[in-house]
Structure formats: C-alpha cells, structure tokens
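Observations on chain architecture
Listed here are the chains, written in short residue letters.
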Amino acid sequence: MAGQKSPRPERLSPLRSIALLMLMLAAAVPLQAASNEQSIEVVYKQTRTLRVFGEDERQPIHDTTQLPWSAIGRIESVWYRDGVTIMSTATGTLIGNRVVLTGGHCIYDQEDGWADQVAFIPGKNGDAEPFGRAYSVRNITQRAWVEEGDSRYDLGMIVLDEPVGERAGFMSVAVESVAFFNQRTLNSAGYPGEVMPGDRPFYVFGQTLDFTDGLIRHMLDSEPGQSGSPLWYLETESSDRRIVGVLTGTREVTVGGQLLESYNVAVRINEGFADWINETLSRYDTVVQDIAVGESSPTVQPACGAGLPGGAVMAILLLMMLSSLTVRYPRLQVRRRDAYNSTCPGG
C-alpha cells in the first residue's frame, strides 16, 4: 500500500540534544558555583493534541467505500453539562459488525465524564455517508483510564445500535512484540479537524521510534480529530490489514521551559487488551476476532515508570558532570491494572 520512507529529521539526536541544551543554558541559566546552586526543570508531559512534524505528508482518501477506508469512521461525541452542549470529534475503526475501537478519551473525558451521545459514521467523506450512521448503546473503556487517567490504558470501544460492519466491513487486530515497534513503518487514517476539513479522511504512513513507558512513540503526522485512529500494517501473505495500536496524543520534553523533543504516541494492543476486545465482541457482536499474536510478544502488562528519551538523558547527565545544577523531573505515579478490568455506564 505504501513504500518505505526515511525517518523524519525532526527527532533530535543525542548530540543535537546536548548542543541545544548547552545553548539554552548559555543564554538563560549561567553555570554557578556549588555555593550558589541553580536548578533546571525537566518536564515530561503528555497532551491530547496530536502533531504534524515538518512537511505535512497526509493524503486525502477519495473512495471510502472500500476497505480499509470503509471501516474507519468519524466519531461525534456530545456532552450535555449545565445547559451547555459540548461536542468533540474523533476517529474509530470497526473491528466487528457492531463494535468500534477508539481511544478511551474519545468517549470518556477526565473533566466531563461519559459522553451522553456518541455517533459513528463509517466511511464519511464530506456530505457523503455511504453506510449511514449508527449510535452508541454502550461505551466501554479501561477502569485505569477512568479512575487514574493512565495513558497506557487510553483505549475504548463503542457498541452500536445496528450492525453497520455488515455493510462497511471491519479490520483485524493483532498483538506484536515490543521490539516490533523499533523503527517500523506503519499506516494510519483518520478525520483531522484542526487544519484539514474534519468531515474527510486522510491517510498517512511513517516511522515509529520505539515502545517506551507503555506507549508506542511515533512520528506519523496527526492532529486533533485523529485521536482514536488505527495504527496498522499490511500482512503481505494474507493481504490482511492488522491494527496494532490506537493514536491517543503527543508527548513533549521541555528543559528550562524550552521544547527539547516531541513525538506522537499510541496505545499498543497487548495480550490483555486482545482478550478484552474478544470478550466484548463475544458479548455484543456476532464476530470474534482470531487475533494474531507475534512470536515474541510478552505476556505481561507494559512496564511501569517514567523516563526520558535517550537524547534528553544524555544531555542531563552531561550537565550534571559539568556543573552543580540540580535536575528535577516528575515521576509518573502508575499503578498496575488488569487489562481485563473495564468500566462502562450501568456496569
């Protein structure tokens, strides 16, 4: 479907990170003797705003009546709060006739709670809705996302009131090893709504960086509205398109208030999530996925703990050797959660 392309140049190498950090310090944080110690704050932050890196490489999809585009749709979520109507758009993918896979935050907001109404429009292309639209009768996400806002569990599923997947089709899900995501070219498609028109789908392919802190780090161009979009590859022997992750947000590393590195992130489908998906399908759908599992896939949940990208770590270590600077960065307080543990309104 798509050829290889070189990794994006925007990712800072360790040497460039060090150089940038030293320039910032020279301008803003002069080195002091130990008796007059300075501190520099390193912030590791995740946002829901996806990013475009350098030249925008997304391409419009013109025919949304064929797979995989027909299975990917726009999500319209509505919250009614204190006389105010709040609407948010996102992307989801049919993985059965009635079940849509998306991001947890697309249906459950940390401030406003569960969406009161959710519509899914597969293959929407401007005014055209070739398969009509369906509405949610049940929204499901991980309890760790609802109670703790744990981004490693930012997955959700929507159970629809009619089997639109019988007309639009659906995509497969696969579990791949952590090592699979090192410099891997993957595909995605969704409904960007910030710069591009939010009622038309766009396709992109690009490089992942790796799997760190329980999330896939990648450089695929994205923007708000593409949250919940599938991350997939084409299995050449079977011509099967397999979803291995779901786009959820951006992470930024800043040092002394200056941006050092940024990248988009996605939740990886692991064995626990795969079982959860199959349990949901068996309960609410006529389809049960025969989910492919990579040979070296681990059987445990993503490791806990925060961290910094390699370039930032090397820069900080160099600073500590050259000066008496005190380095602080917040640790992510993460509790383990069973990936089978889901929550939804009414049970």
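Everything below is about the structure shown above.
Residues numbered from 1 in each chain as written. Predicted model: local features only at pLDDT ≥ 70, side-chain atom pairs only at ≥ 80, totals over all residues. Heavy atoms only, no water.

**Re the nonpolar core**
Threshold: Residues belong to one nonpolar core when they are buried, are Ala, Val, Leu, Ile, Met, Phe, Trp, Tyr or Cys, and are joined through side-chain atoms within 4.5 Å. The cut-offs for exposure are 20% and 50% of the maximum accessible area for each residue type, with area from a 1.4 Å probe on protein chains only; residues under the lower value are buried, those over the upper are exposed, and the others partly exposed. Secondary structure elements follow DSSP: runs of H or I of four or more residues count as helices, runs of E of two or more count as strands, with numbering from the N terminus. Any two residues whose heavy atoms approach within 4.5 Å are treated as being in contact.
Core analysis: the largest hydrophobic core is formed by 55 residues, its most contacted members being L94, I95, L101, L160, W232, I269 and I277. Sorting elements by how many residues they give to this core places helix α4 (residues 271-284) first, with five residues. Setting aside residues no more than four positions away along its own chain, I269 makes contact with L101, L155, V173, A174, V175, E176, I243, V244, G245, A274 and I277.

**Focus: the packing of aromatic side chains**
Selection criterion: Side-chain rings of Phe, Tyr and Trp, where Trp is taken by its six-membered ring, are said to pair if the distance between their centres is within 6.5 Å; with planes under 30 degrees apart they count as stacked, over 60 as edge-to-face, and otherwise as tilted. Placement of a charge over a ring requires the Lys NZ or Arg CZ to be within 6 Å of the ring centre, with the centre-to-atom vector within 35 degrees of the ring normal.
According to the stated counting rule, one finds nine aromatic pairs in the structure shown. With a centroid separation of 5.1 Å and 70 degrees between ring planes, the pair formed by Y108 and W114 is classed as edge-to-face. We note that Y108, like W114, is buried. Ring plane angle 55 degrees and centroid distance 6.3 Å describe the contact between F273 and W276, whose orientation is recorded as tilted. Taken together, the positions of F273 and W276, both in helix α4 and three residues apart, correspond to about one turn of that helix. According to the relative accessible area criterion, W276 is buried, its value standing at 1%. Of the aromatic side chains, those joined through ring pairs into one cluster are W69, Y203, F205 and W232. Over the ring of Y263 we find R217, and its NZ or CZ is 4.5 Å from the ring centre.

**Notes on the side chain of S70**
As a reminder of what qualifies: A 3.5 Å cut-off defines polar contacts: any pair of N or O atoms within that distance qualifies, except that in protein one atom must be a possible hydrogen donor and the other a possible acceptor, and neighbouring residues in sequence count only when both atoms are side-chain atoms.
As for its placement among the helices and strands, S70 is situated in the loop between β2 (59-60) and β3 (72-81). Here the side chain of S70 touches A168 through a polar contact of 2.6 Å, landing on its backbone oxygen.

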